[in-house]
Amino acid sequence: MRTAESNPLIIECRTDDTGRALLTARGELVHGCADTLARVLAELPAGTRRVEVDMSGVDFMDTAGRGFLELLRDWGERHMIPVAAVNWRGQARDFWELCREVEQLRRAMATRPVIDQARGILMATHACTSEEAWNILREASQLSNTKLRTVAATVTASTENAATPVPEPVDRALRTAIARLRD
């Protein structure tokens, strides 16, 4: 959350004769922004038939913006009213890029231990360096068209339980990568 020069979220609401509520958001979509939206939505007049949130005044959006947008969507579904967030100025692109990066980091953190274990196994069984073990895993992944984390999981599983066979394409790719290391 940004605190040095934060610009708190303000949402102004106006309605028209057609039952459309236009919410104008100004400030930052950060922690607490969904609560602000929830209060505004709760105060909409009966007979509201459409909600549009004008996002042109939003100058920063962190991952809390996702909760803001999900709340808007869920509110619309619950009340069977169409909702839309309009007039983006690039905040959504930055936001979704940030979400993708966070998801990639989560996956990397979850798969890192199995990759490190596989590297250790390869280093011990083939007397190679950590970098060489990494290259074996990477090359086997490419040769077998299998995700690197899957190749690593296969190596560790087959070491933990001799009854767990290594799938043929991965086994062949590992043997090829190890042979190239020896050349």
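Residues numbered from 1 in each chain as written. Predicted model: local features only at pLDDT ≥ 70, side-chain atom pairs only at ≥ 80, totals over all residues. Heavy atoms only, no water.

Observations concerning unusual backbone geometry
The condition is simple: Numbering of helices and strands runs from the N terminus; a helix is a DSSP stretch of H or I covering at least four residues, while a strand is a stretch of E covering at least two.
Positive phi, close to 55 degrees, is recorded for Met80, a residue that is not glycine. With respect to the element layout, Met80 can be found in the loop between helix 2 (64-79) and strand 4 (83-86).

Notes on the pairing of strand 2 (residues 20-29)
Convention followed: Accessibility here uses a 1.4 Å probe with only protein chains present; expressed as a share of the type maximum, an area under 20% marks a residue as buried, one over 50% as exposed, and anything in between as partly exposed. Paired strands are those between which DSSP finds at least two bridges. Handedness of a crossover is defined as follows: orient the strands so they point away from the viewer, and if the path from the first strand over the helix to the second runs clockwise, the crossover is right-handed.
Among the 10 residues that make up strand 2, eight are buried, leaving the element largely enclosed by the rest of the structure. Where strand 1 (residues 10-15) and strand 2 come together, six bridges link them in antiparallel fashion. Note that in strand 2 the partner of Arg14 across the bridge is Leu22. Hairpin remark: strand 1 followed by strand 2, antiparallel, with four residues in the connecting loop; positive phi at Gly19, about 90 degrees. On the question of chirality, the crossover connecting strand 2 to the parallel strand 3 (residues 50-61) by way of helix 1 (residues 33-42) is right-handed.

Let's talk about the confidence of the model for the protein chain
Note that predicted coordinates carrying low pLDDT should not be read in detail. We apply this condition: Here pLDDT means the predictor's own confidence in every residue, given as a number from 0 to 100.
Residues of the protein chain with pLDDT of at least 70 account for 93%, and the chain-wide mean is 89. For the protein chain, per-element mean pLDDT is lowest for helix 3 (residues 91-126), which scores 83, and highest for strand 1, which scores 96.

A few points about the sheet that holds strand 2
Here is the rule we go by: Helix axes use the C-alpha atoms of the stretch in contact, all axes being lines fitted to C-alpha atoms, and the angles between their N-to-C directions lie in the range 0 to 180 degrees.
Here four strands make up an open sheet; going across it, the order is 1-2-3-4 and the pairing mixed. Sheet topology places strand 1 and strand 4 at the edges, where each strand pairs with a single neighbour. Pairs of neighbouring strands in the sheet enclose a mean axial angle of 20 degrees, with direction left out of account. Strand direction decides the pairing type here: strand 2 and strand 3, joined by nine bridges, are parallel. Bridging from a neighbouring strand, Leu29 pairs with Met61 of strand 3.

Thoughts on helix 1
Rule in force here: To be clear, the arc concerns the directions from the helix axis to the C-beta atoms. By the convention used here, residues are in contact when the closest approach between their heavy atoms is within 4.5 Å.
What helix 1 keeps buried is the set Cys33, Thr36, Leu37, Val40 and Leu41. Taken end-on, helix 1 shows its buried residues confined to a sector of 130 degrees, consistent with a single buried face. Every exposed residue of helix 1 that faces more than 90 degrees away from the buried side is listed here: Arg39 and Ala42. Taken together, the buried residues of helix 1 touch strand 1, strand 2, strand 3 and helix 2.

Brief notes about the nonpolar core
We apply this condition: For our purposes a nonpolar core is just a set of buried Ala, Val, Leu, Ile, Met, Phe, Trp, Tyr and Cys residues, chained together by side-chain atoms within 4.5 Å.
Counting residues in each nonpolar core, the largest one holds 21 residues, and the members touching the most others are Ile11, Leu23, Leu29, Val51, Val53 and Phe68. Within the residue set of this core, elements represented by two or more residues are strand 2, helix 1, strand 3 and helix 2. The element best represented in this core is strand 3, accounting for five residues. Discounting chain neighbours no more than four positions away, the residues touching Val53 are Leu23, Ala25, Phe68, Leu72, Ala84, Ala85 and Val86. Counting 19 residues, the second largest nonpolar core, distinct from the first, contains Val114, Ala118, Cys128 and Val151.

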